[in-house]
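Spelled out from the first residue to the last, the chains are:
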Amino acid sequence: MDIIDKLAEVFKEFPGIGERQARRFVYFLMGRTPAYSENLSSLITDLKKEVAQCKECFRFFILSKNEKLCDICSNTNIDSSTLLVVEKDSDLESIKKSRVYSGKYFILGGLVPIVEKTTKSRIRIDELKNKIRKEEKSLKEVILAFSLSPQGDHTDQYVREQLKDIAQNPAKDGAGIKISSLGKGLSTGTELEYSDNDTIKNALKNRQ
Ligand SMILES: [Zn+2]
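Quick caveat, the model's predicted, so the values are computed rather than measured.

(A) Quick look at helix α3 (residues 34–50). An ideal rise of 1.5 Å per residue puts 24 Å on 17 residues; α3 measures up with 24 Å between its terminal C-alpha atoms. With 0 of its 17 residues buried, α3 lies for the most part at the surface.

(B) Fine view of the nonpolar core. Core analysis: the largest hydrophobic core is formed by 34 residues, its most contacted members being V85, V86 and A145. Looking at this core, the elements that each hand over two or more residues are β3 (79–86), α4 (89–98), β4 (103–107), β5 (141–145) and α7 (197–205). Not counting the four nearest positions on each side in its chain, V86 is found in contact with D91, L92, Y105, I107, L108, A145 and L192.

(C) Examining unusual backbone geometry more closely. A positive phi angle, close to 70°, is found at F58, a residue other than glycine. Relative to the elements of secondary structure, F58 occurs in the loop between β1 (51–53) and β2 (60–62). With a phi close to 55°, R99 is a non-glycine residue in the positive phi region. Tracing the chain through its elements places R99 in the loop between α4 and β4. Judged by local crowding, R99 falls into the exposed class, with 10 C-beta atoms found within 10 Å.

(D) Representation of the pairing of strand β6 (residues 178–181) in the model. What you see with β6 is a clean split: I179 and S181 sit on the buried side and K178 and S180 on the side with no burial. Note: β5 against β6, 4 bridges, orientation parallel. Residue pairing for β6: L144 is matched across the bridge by S181.

(E) Representation of the pairing of β5 in the model. Buried residues dominate β5, accounting for 4 of its 5 residues. Looking at chain direction, β3 and β5 are connected through 5 bridges and run parallel. Following the sheet pairing, V85 is matched in β5 by L144.

What counts, and at which threshold
Residues numbered from 1 in each chain as written. Predicted model: local features only at pLDDT ≥ 70, side-chain atom pairs only at ≥ 80, totals over all residues. Helix = DSSP H or I, 4+ residues; strand = E, 2+ residues; numbered from the N terminus. Expected span 1.5 Å × (residues − 1). Buried ≥ 20, exposed ≤ 12 C-beta atoms within 10 Å, placed from the backbone. Core = buried A, V, L, I, M, F, W, Y, C linked by C-beta atoms within 7 Å. Contact = placed C-beta atoms within 7 Å. Pairing = 2+ DSSP bridges.

Structure representation (structure tokens):
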């Protein structure tokens, strides 16, 4: 494997990038100045130094002091009666930008593939259970917000099943934690991160 192949292999691991695009990136870099490559590699190195992962919601955030929590989790004014569970950071950013949700978040870290037996190690289901148990007192609703795809639906079902015991359906007196999912405001196959504000708003309003 030469240097072109090696670098293309790295780019192929990026989300949504295939073999041809990966090679286009390599050729693009070859045409750039050494200073360009140096700047790029130092930015990549600094990225890991300047961000941290929130201990509560697992979101990545820019470190300013030595905080362990992101700005949402450390904000005491945030509505803690709802917890919105998303697949990844970019989904959280889209929902946050739409300004239609003001509660807490949790990043699951992936979706559950339909044909897979060992899902547990790949998503943060245990961490989610711990989070819900910890917030039991104030938490009223857990909203599952995955993309409307077969894999998103599968993840929705899997998480519901996993949370069944710790979040029974609301009793008559309102006890228990409700589990809801985004409404069908999103069209099938839509990635949450690419949805516009109105779509997200409707999907949240029509959750069930
Ligand atoms: Zn957080």
